[in-house]
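Residue-level listing of the chains:
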Amino acid sequence: MDNIEIQLKEDESKGYSIAKENNKLVGMMTYSIAGEELIIIDHTEVEPKYNGKGVGRGMLYKIIEMAREKNIKIIPLCPFASSMFKKNEEIRDVLKS
């Protein structure tokens, strides 16, 4: 993950956590903006050669950081994001109850 840069981008109703290495897209996690205080993570995609290298985790944690700053709750519909929330108790503060 040393050379991987993670950025957040949003347009009207969608958001993206994008992972790039040397300006090449290596992963993307997408979410829908479901209101001022709620987002739904719906898809995660990582280039196969980056699997298991923490790219998905990095993208998720970037979204969690933003959610905490803006006091937004998350519904993780994406299987990857959902499993990360189940495994890591320290990030569940942003889950929609």
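**Considering helix α2 (residues 79–87)**
Along α2, the residues that are buried comprise Ala-81, Ser-82, Met-84 and Phe-85. End-on, the buried residues of α2 take up no more than an arc of 160 degrees, which puts them together on one face. When the buried face of α2 is taken as reference, the exposed residues oriented beyond 90 degrees from it are Pro-79, Lys-86 and Lys-87.

**What to know about the pattern of salt bridges**
Where side chains of opposite charge bring their charged atoms close, a pairing between them can arise. Here the structure, examined in full by the defined rule, presents 2 salt bridges. The closest approach of N and O atoms between Asp-42 and Lys-14, which form a salt bridge, is 2.9 Å. Of this pair, Asp-42 sits in strand β4 (residues 38–46) while Lys-14 sits in strand β2 (residues 14–21), and the two are 28 residues apart along the sequence. Judged by its relative accessible area of 28%, Asp-42 falls in the partly exposed class. Arg-68 is the partner of Asp-93 in a salt bridge, and the nearest nitrogen-oxygen pair spans 2.7 Å. Residue Asp-93 is located in the segment after α2, and its partner Arg-68 is located in helix α1 (residues 55–70); the two are separated by 25 residues in the primary sequence. The exposure class of Asp-93 is partly exposed, given its relative accessible area of 41%.

Cut-offs applied
Residues numbered from 1 in each chain as written. Predicted model: local features only at pLDDT ≥ 70, side-chain atom pairs only at ≥ 80, totals over all residues. Heavy atoms only, no water. Buried < 20%, exposed > 50% of the residue type's maximum accessible area, 1.4 Å probe, protein only. Helix = DSSP H or I, 4+ residues; strand = E, 2+ residues; numbered from the N terminus. Arc of directions from axis to C-beta. Salt bridge = Lys/Arg side-chain N within 4 Å of Asp/Glu carboxyl O.

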